[in-house]
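Notes for the structure review
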Amino acid sequence: MTAGLPSPVPGGLVGLDDVMAASGRLDGSVVRTPLVECTQLSDLVGHPVQLKSESLQRAGSFKVRGALNFVLSLPAEAAERGIITYSSGNHAQAVALAARLGGLSAVVVLPTTASRVKVDGCIRWGAQLVFEGVTSEQRRQRAEVIAREQDLTVVPPFDHPWIIAGQGTVGLEIYQDWPEVETVLFPIGGGGLASGVSAALRRLRPGVRLLGVEPAGAASMRAALDAGRPVTLPSSESVADGLLPNRVGELTHRHVSALADDVVTVDERSIREAARFLLLNSRLVVEFSGATALAALLSNAVPSPGRTVAIVSGGNVDPEILVDLVGGS
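Some points on the overall build of the protein
- Each helix and strand counted, the protein has 14 helices and ten strands in total.
- A globule of 329 residues ought to have a C-alpha radius of gyration of about 20 Å, and the protein, at 18 Å, matches this closely.
- Principal-axis analysis of the C-alpha atoms places the extent of the protein at approximately 55 × 40 × 40 Å.
- A total of 329 residues make up the protein; the buried ones form 58% of that total.

Remarks on helix H12 (residues 268–281)
- In a regular helix each residue adds 1.5 Å, so 14 residues correspond to 20 Å; H12 covers 20 Å between its end C-alpha atoms and thus fits that length.
- Every buried residue belonging to H12 is among Ser270, Ile271, Ala274, Ala275, Phe277, Leu278 and Leu279, and all of these are buried.
- A positive backbone phi angle near 55 degrees is found at Arg283, which sits one or two residues after H12.

Quick word on the packing of aromatic side chains
- One pass over the structure, following the stated rule, counts one aromatic pair.
- Between Phe70 and Trp162 the ring centres are 5.0 Å apart and the planes differ by 70 degrees, which places this aromatic pair in the edge-to-face class. Of this pair, Phe70 sits in helix H3 (residues 63–73) while Trp162 is found in helix H8 (residues 161–177), placing the two residues 92 residues apart along the sequence. In this structure, Phe70 and Trp162 share a single accessibility class: buried.

Quick look at the environment of Gly46
- Among the secondary structure elements, Gly46 is positioned in the loop between helix H2 (39–45) and strand S2 (49–53).
- Each C-alpha atom of the pair Gly46 and Pro157 lies 36 Å from the other, and the pair is 111 residues apart in sequence.

Structural notes on the sheet that holds strand S9 (residues 262–266)
- Spatial ordering of the open sheet is given by S1-S2-S10-S7-S8-S9, a layout of six strands whose pairing is mixed. Edge positions in the sheet fall to strand S1 (35–37) and S9, since each of these pairs with one other strand and no more. Going from strand to strand, the sheet's axes swing by 30 degrees on average, the running direction of each strand aside.
- In this structure, strand S7 (residues 183–187) lies alongside strand S10 (residues 308–312), joined through three bridges in parallel fashion. Among the inter-strand pairings, Thr183 is bridged to a residue of S10, identified as Thr308.
- Its contacts with the sheet put helix H9 (residues 192–204) on S7, strand S8 (209–215) and S10, and the angle it makes with S7 is roughly 160 degrees.

So, the packing of helix H10 (residues 220–227) against helix H11 (residues 250–259)
- Packing of H10 against H11 leaves a shortest axis separation of 10 Å and a crossing angle of 70 degrees. Relative to H11, H10 is oriented roughly perpendicular. In this structure, H10 contributes Met221, Ala224 and Leu225 to the contact, and H11 contributes Thr252, His253, Val256 and Ser257.

Side note on the pairing of S2
- Burial of S2 is extensive: five of the five residues sit out of reach of the surface.
- A two-sided burial pattern is seen for S2, the buried positions comprising Val49, Leu51 and Ser53 on one face and Gln50 and Lys52 on the other.
- Pairing of S2 with S10, which is carried by five bridges, proceeds in the parallel orientation. Opposite Leu51, over in S10, you have Ala310 as the bridge partner.

With respect to unusual backbone geometry
- Although it is not a glycine, Asp151 sits at a positive phi angle of roughly 55 degrees.
- Relative to the assigned elements, Asp151 resides in the loop between helix H7 (136–150) and strand S6 (153–154).
- Judged by relative accessible area, Asp151 falls into the partly exposed class, the value being 41%.
- The phi dihedral of Asn300 is positive, around 60 degrees, even though this residue is not glycine.

Things to note about the packing of helix H5 (residues 90–102) against helix H6 (residues 116–124)
- Orientation of H5 relative to H6, taken along the N-to-C sense of each, is 10 degrees, at an axis distance of 8 Å. If you check the angle between H5 and H6, you find them roughly parallel. Crossing hand, H5 versus H6: left-handed. Here Asn90, Ala92, Gln93, Ala96 and Arg100 of H5 come into contact with H6, specifically with Val117, Lys118, Gly121, Cys122 and Arg124.

Notes on helix H1 (residues 16–26)
- Looking only at H1, the buried set comprises Val19, Ala22 and Leu26. Projected down its long axis, H1 carries its buried residues within an arc of 60 degrees, all on one side. Looking at H1, the residues exposed on the side facing more than 90 degrees away from the buried face are Asp17 and Gly24.
- If you follow the buried residues of H1, they end up packed against H3, H8 and H9.
- Of the residues flanking the end of H1, it is Gly28, one or two places downstream, whose phi is positive at about 90 degrees.

Each value, and the rule that gives it
Residues numbered from 1 in each chain as written. Predicted model: local features only at pLDDT ≥ 70, side-chain atom pairs only at ≥ 80, totals over all residues. Heavy atoms only, no water. Helix = DSSP H or I, 4+ residues; strand = E, 2+ residues; numbered from the N terminus. Rg over C-alpha atoms; globule rule 2.2 N^0.38 Å. Buried < 20%, exposed > 50% of the residue type's maximum accessible area, 1.4 Å probe, protein only. Expected span 1.5 Å × (residues − 1). Phe/Tyr/Trp six-rings, centres within 6.5 Å; stacked < 30°, edge-to-face > 60°. Pairing = 2+ DSSP bridges. Axes fitted to C-alpha atoms, helices over the stretch in contact; angles between N-to-C directions. Contact = heavy atoms within 4.5 Å. Parallel < 35°, antiparallel > 145°, perpendicular 65-115°, else oblique. Left-handed = near helix turned anticlockwise from the far one by under 90°. Arc of directions from axis to C-beta.

Structure, rendered in structure tokens:
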């Protein structure tokens, strides 16, 4: 699987130099997504708000940053054997695209409930698809079996320094485009984006407030922070299907607990309203997972945020959901 490859940093954290190195590797291969000013939202909360629009990223989400950084960091012999991953959809698409860009073969293990949009994306980038169960753990176990059988390298969804460093380029770009930012909100699933953004921004702007946002029905990082260690939730449920890992990683928990300020939760109605707000007011097509950070602002879960960036993490939304959003349901 990952024999011979660097493991998560023992007792340490991804540094700014790791993020800068990732930025150099990714230059020209990923989109430097814009900060989009949201006047309506700024008026509502009484502070300037900009959206880091990773919904406009290649493969539709921030995930390609970490996946491609991982692929480009692989030793040649591991790259030649190929890679495999497990994902609810966005990471799978990102790995499929990263493999295409790097000239590697890729297998992706998806849940049997994967959305059509995300399945089609994996097919479009040329990955071999395997469907297994409905939980992240079921997918992980199947991927590890295949990796052993075929001598493939597993590309983890979040808990690896190469993944975290790639996602950290989101934070680097935020600082470069708006160094005066006071609060940055990011959604949390497994914690890779949260870890990377925190690793970059805590070093670049030490006084910035860094807040993770989770669905109330899938608050695995909140549970880990409360327990002082990663814990496994008995279940995870939310319309934000990209934020449903039952357990965050050891490395991502370490980053968030050390570098972020807090993690807040939002309810399902707030997530739906945020996605609809983005569609109607900012003309951004955003999946529910991608709207979760904004939901914290709209629901007043973040008091007095000051100059704020909300990371819109992905835009791979099924067409029928768009119909519902436009109709206001």
